[in-house]
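Fold and geometry: a report
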Amino acid sequence: MTNSETMQAEAAEAEAKRQTDKPPDPYAEVRRNATGGKPREASAISLRGVQKHFPGGVVALEHIDLEIEAGEFFTLLGPSGCGKTTLLRILAGLEDATGGAVAVGGQDILRTPAHRRSVNTVFQSYALFPHLNVRDNIGFGLRMRGVDRDECQRRVDETAKFIKISDLIDRDVAQLSGGQKQRVALARALINEPDLLLLDEPLSALDAGLRSQLQVELSQTQQRLGMTFVFVTHDQQEAMVMSDRIAVMNDGRIQQVGPPEDIYERPANLFVARFMGHTNLFPVERTGDGSLDTPLGSLTGCGDCIGSHVLIRPETIELLPPEEAGDNRFRARILDRLYRGAFAEYQLECGDTRIAAIVSNRGQRQYDPGEHVALTVDSSGLVFLDE
Ligand code: ATP
C-alpha cells in the first residue's frame, strides 16, 4: 500500500468510527446557517514545536511552529518528502507527533483519537465507496450517525446542489469522470460539517483545465462556508491561486509563512525563491563605488541592499533594441523563444550567463533567436537574499 492509500484506509476507518460514536447533531444546520460563511472560532489551529521522528532516524518534522486562523484557506507547500503529509496526518489524528503540542479552537487535540476530531479529509484518489452510488456516498456519514431518511435525503440534495452535482446524484461512482468524483468526495466531506477540512493534493490527478476550474470552485466554496481548509500541494501556482496564506516547507522545517504575494515577491531565502517559480538568481559583490558586481555586469541604483544573491524575476526584465544604452542595460543574445499565448518566454545569453525573461504578447516587440537586445533590469524590482 502507498502512503496515500494507507492514509485513506485509516481515515475511512476513523470516519466510520466517528459516525457511530457521535450522537446526531440537531444543531448542525442551524450552526451552518448562523455562521453565514463567517469563520468559526472553534477551527483556529496552533502548532507549537511539533516534531515527528520516525524509527530508523528519519526526521519528518523538526520543530514546527504555526498559527492557522479560523476560516483561513491555508496551504502547506513544498517538494516531495518535505513533511507536508506527515503534518496533515498529525492534524487528522492518523499519526502521533513525537514532540510538541497541537491545539484546535484552543483545545489540545493530540490525545483526542481521530474519530473524535471534527476533521474530515479529501484525498487525491477520491476514496469513494465503489459499491455505493453518488447519493449514498454523500449521505454515508449522516446515515451512520442515525440521521433519519428524509432528513438525510434533504441534506444530501442541498449539499449536491451546493457543490453543483445535483444532476449526478443517482449515478454509480464508476460512471463519473475524475473531476466529478472529486466533487462527490468534497460533498461527502462537507456534509459532515467538520470544523476543519484537510485536503491532500486533491486536484493533482486532474487534467490542467479541470484542475484550474476546481481550484476556483474550491476556494469559493471555502469562502462561502467560512470553514478552515488546510490544503497540501507541491504545485506553487496552485498554492498561489487558492490560498489566503502559504507555509513553504523543506526538510521538515517551515521556510516562510505568508500571503502568496509576500512569498512570491519577497521570498525569505534562496530555497523559497527557487521553489516559487521562474527565477534568475545571481551572486552579488558590492564594489567600492556602491554599485554591485553580478555575472551580468554592474548593477546601479540598488541603495544599501544586503544579501549574497540577487533575484531578478523574468517578468521584470524588459527587452529593448540593442542600440539602447543606459544604466542596468546589458547586451544579450536571444537563444530561444517559447510562445505561451498571453506572453513569450525567452532564454538569453549575456556573456557566459543564461537568463530568462517573460514578455507580454500585447504590444511588446518580440525578438527571434540569434537577435541581440539590450536586456534591461528594473532596480526597484530586485530582491536581495541570503542562503
Ligand atoms: P509527498 O509530496 O511525496 O507526499 P511529503 O512532503 O508529504 O511528500 P511526507 O510523506 O510527510 O512528505 O514524508 C516526510 C518524510 O518522512 C520523508 O522522508 C518520508 O520518507 C518519511 N516518512 C513518511 N512516513 C514514514 C514512515 N511511516 N516511516 C518512515 N519514514 C516515513
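Scoring rules and cut-offs
- What you see as residue numbers is a count from 1 along each chain, following the sequence as written.
- Restriction of local features to residues with pLDDT of at least 70 applies here, the model being predicted, together with a cutoff of 80 or more for giving and counting side-chain atom pairs; totals for whole chains, interfaces and linings are based on all residues.
- In this text, helices come from DSSP runs of H or I with a minimum length of four residues, and strands from runs of E with a minimum of two, each type numbered from the N-terminal end.
- This entry defines residue contacts through backbone-placed C-beta atoms, with two residues in contact when those atoms are within 7 Å.
- Pairs of strands are assigned from DSSP output, requiring at least two bridges between the strands.
- The convention used is that axes are lines fitted to C-alpha atoms, helices contributing only their stretch in contact, and that angles between N-to-C directions extend from 0 to 180 degrees.
- By the definition adopted for this analysis, an angle is roughly parallel if under 35 degrees, roughly antiparallel if over 145, roughly perpendicular if from 65 to 115, and oblique otherwise.
- Crossings are assigned a handedness: left-handed for a near helix turned anticlockwise from the far helix by less than a right angle, right-handed for a clockwise turn.
- Amino acid classes used here: Ala, Val, Leu, Ile, Met, Phe, Trp, Tyr, Cys and Pro are nonpolar; Asp, Glu, Lys and Arg are charged; the rest, including Gly, are polar.
- As a rule, any residue with its backbone-derived C-beta atom within 6 Å of a molecule or strand is reported as near that molecule or strand.
- The span you would expect from a helix comes to 1.5 Å times its residue count less one.
- Exposure criterion: with C-beta atoms placed from backbone coordinates, a residue whose C-beta has 20 or more other C-beta atoms within 10 Å is buried, one with 12 or fewer is exposed, and one in between is partly exposed.
- Picture the helix axis, draw a direction to every C-beta atom, and the arc is the one those directions span.
- Confidence per residue, as judged by the predictor, is encoded in pLDDT with a range of 0 to 100.
- The term nonpolar core refers to a group of buried residues, namely Ala, Val, Leu, Ile, Met, Phe, Trp, Tyr and Cys, whose C-beta atoms join them within 7 Å.
- These domain boundaries are the output of an automatic or database domain assignment.

Some details on the overall build of the protein
Scanning the protein from N- to C-terminus turns up 10 helices and 21 strands. Once local pairs closer than 6 in sequence are excluded, the contacts in the protein between residues at least 24 apart make up 68%.

Overview of the sheet that holds strand 11 (residues 280-283)
An order of 11-15-21 is seen for the 3 strands of this open sheet, with the pairing classed as antiparallel. Because the sheet does not close on itself, it has two edges, and the strands there are strand 11 and strand 21 (383-385). Within the sheet, the average angular offset between the axes of one strand and its neighbour, ignoring direction, is 30°.

Brief notes about the sheet that holds strand 16 (residues 317-320)
Hydrogen bonding along the main chain pairs the strands of a sheet, whether they run parallel or antiparallel. Taken in spatial order, the 5 strands of this open sheet run 16-20-17-18-19, and their pairing is antiparallel. Looking at the sheet topology across the chains shown, the edges are occupied by strand 16 and strand 19 (353-360). Averaged over all adjacent pairs, the angle separating strand axes in this sheet is 45°, with direction ignored. Summarising the sheet, strand 17 (residues 329-339) and strand 18 (residues 343-350) pair through 6 bridges and their orientation is antiparallel. Paired with R333 across the strands is E349, a residue of strand 18.

Here we look at the packing of helix 4 (residues 134-144) against helix 6 (residues 178-190)
Each packed pair of helices is defined by two parameters, the angle between the axes and the distance between the axes. Following both chains from N to C, one finds helix 4 and helix 6 inclined at 30°, their axes separated by 7 Å at the closest point. Relative to helix 6, the element helix 4 is oriented roughly parallel. Note that helix 4 runs across helix 6; the crossing there is right-handed. Residue-level inspection shows V134, N137, I138, F140 and G141 of helix 4 in contact with helix 6, the latter providing V184, A187 and R188. For the contact of helix 4 with helix 6, the residue count by class is 5 nonpolar, 2 polar and 1 charged.

Let's talk about the pairing of strand 15 (residues 309-312)
Residues in a regular strand point their side chains to alternate faces of the sheet. The sheet contact formed by strand 11 and strand 15 spans 4 bridges and is antiparallel. The residue of strand 15 that forms the bridge with P283 is H309. By the bridge criterion, 3 bridges tie strand 15 to strand 21 in an arrangement that is antiparallel. Across the sheet, residue L311 finds its bridge partner in strand 21, namely V383.

Observations regarding the site of the ligand
Around the ligand lies a shell of 13 residues, among which F54, A60, S80, T85 and T86 are the nearest. Elements supplying a minimum of two residues to the shell around the ligand: strand 2 (58-68) and helix 3 (84-92). Among the elements that make up the shell around the ligand, the one with the highest residue count is helix 3 (3 residues). Residue classes in the shell around the ligand are distributed as 4 nonpolar, 8 polar and 1 charged.

Some remarks on helix 5 (residues 149-162)
Its 14 residues place the ends of helix 5 20 Å apart at the C-alpha level, agreeing with the 20 Å of an ideal helix rising 1.5 Å per residue. For helix 5, the set of buried residues is C152, V156, T159 and A160. On an axial view of helix 5, the arc spanned by its buried residues comes to 100°, and they lie on one face. In helix 5, the exposed residues that point more than 90 degrees away from the buried face are D150 and K161.

Looking at unusual backbone geometry
The phi torsion at K164 lies on the positive side, around 65°, for a residue other than glycine. For K164, the location among the structural elements is in the loop between helix 5 and helix 6. For K164, a count of 12 C-beta atoms within 10 Å translates into the label exposed. The phi dihedral of N328 is positive, around 55°, even though this residue is not glycine. By the element assignment, N328 lies in the loop between strand 16 and strand 17.

Let's talk about the confidence of the model for the protein
The predicted model of the protein has a mean per-residue pLDDT of 86, with 89% of residues at 70 or higher. Overall, residues 22-37 carries pLDDT values under 50, and its contacts beyond four positions in sequence, including any with other chains, amount to 12 contacts.

Topic: the nonpolar core
Most often, soluble globular proteins have nonpolar side chains that are buried together. Counting 95 residues, the largest nonpolar core has L91, L198, V230 and L375 as its most contacted members. Here this core spans two domains, and each of domain 1 (3-273) and domain 2 (282-385) adds at least three residues to it. Once you skip the residues sitting within four places of it in the chain, V230 turns out to touch I68, F74, L76, L88, L91, L196 and L198.

Examining helix 7 (residues 208-225)
Quick reminder: α-helices carry 3.6 residues per turn. Residues three or four places apart thus point the same way. An ideal rise of 1.5 Å per residue puts 26 Å on 18 residues; helix 7 measures up with 26 Å between its terminal C-alpha atoms. Along helix 7, the positions that sit buried rather than exposed are L214, Q215, L218, T221, Q222 and L225. All buried residues of helix 7 fall inside an arc of 140° around its axis, so they share one side. When the buried face of helix 7 is taken as reference, the exposed residues oriented beyond 90 degrees from it are G209, V216, Q220 and R224.

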